[in-house]
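Topology and contacts: notes
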Amino acid sequence: MLIEKIINCSGCGQLLKLPNKNQVAVRQLQCPKCGKLLVVSFLEDDKRKTAEPEEEGTVCAPGGDTSKPCPYVEFEGKRYFLTRTTNVIGRWASASAADIQLQTRDMYMGRHHAVINRKTDETGNIVYTLSAKDAKNGLSVNGIKVGTDDEIKLLDGAIIEMGKSFIIYRTQ
């Protein structure tokens, strides 16, 4: 994780030097010059290439073929692998049936906030899509709101906002 990042505001071009004192993966801030809302990732680019399954026997693709990429979402430095065809993501709760339960105190994140589906597109490639499930307090990808009927194709490095929390979609 990066300690500091220097970026240009996409709204006005202002050069911004951003410290990462709390060692977070993603930070949301407002440009002091133009007021544009910015989402900044502090993950190093080479981290995408070194992701390894956390547990032995993790199934990354149907049929147990672990030689294929195993996409995951990252939240507060922890990886959650997308091992199912349908992956329900939400806030941890003892009564939650979500496949991926995030340990957070963000009460704006629902217990069944979003769904990431594994699909085959028209060309035969495997893609992952995001849709809202119980996202009463908002769901967005790279700052673009996801409506209740939307299904968004995810690309590596996509920043997903659930409630007031951020997760990052990664592929290997």
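Attention in this report is confined to the structure presented alongside it. (Residues numbered from 1 in each chain as written. Predicted model: local features only at pLDDT ≥ 70, side-chain atom pairs only at ≥ 80, totals over all residues. Heavy atoms only, no water.)

1. Section: the sheet that holds strand β10 (residues 126–132)
Where we set the bar: Should DSSP find at least two bridges between two strands, the strands are regarded as paired. Only DSSP runs of H or I covering at least 4 residues are called helices, and only runs of E covering at least 2 are called strands; the numbering of each starts at the N terminus.
Read across the sheet, five strands follow the order β8-β7-β9-β10-β13 without closing on themselves; strand pairing throughout is mixed. Each edge of the sheet is formed by a strand with only one pairing partner; in this case those strands are β8 (100–102) and β13 (152–153). Looking at chain direction, strand β9 (residues 114–120) and β10 are connected through seven bridges and run antiparallel. Across the sheet, the residue bridging to Thr120 is Ile126, located in β10.

2. Looking at the environment of Asn117
Selection rule: The classification of residues rests on relative accessible area computed with a 1.4 Å probe and restricted to protein chains. Under 20% of the type maximum is buried, over 50% is exposed, and intermediate values are partly exposed. Here, residues are in contact when the closest pair of their heavy atoms is within 4.5 Å. Pairs of N or O atoms within 3.5 Å make up the polar contacts considered here, provided that, within protein, one atom can donate a hydrogen while the other can accept it, and that residues adjacent in sequence are counted only when both atoms are side-chain atoms.
Positionally, Asn117 belongs in strand β9. A residue is classified by how much of its surface remains accessible, and Asn117, at 13% relative accessible area, is buried. Not counting chain neighbours up to four residues away, the residues in contact with Asn117 comprise Thr85, Thr86, Val127, Tyr128, Thr129, Ser131 and Glu151. A distance of 3.0 Å separates a polar atom in the side chain of Asn117 from a polar atom in the side chain of Thr86.

3. Focus: the sheet that holds strand β6 (residues 78–81)
Strand order in the open sheet made by the six strands is β6-β5-β15-β14-β11-β12, with antiparallel pairing throughout. Unpaired on one side and paired on the other, β6 and β12 (144–145) mark the two borders of the sheet. With three bridges joining them, strand β11 (residues 139–141) and strand β14 (residues 159–162) adopt antiparallel strand pairing. Among the inter-strand pairings, Ser140 is bridged to a residue of β14, identified as Glu161.

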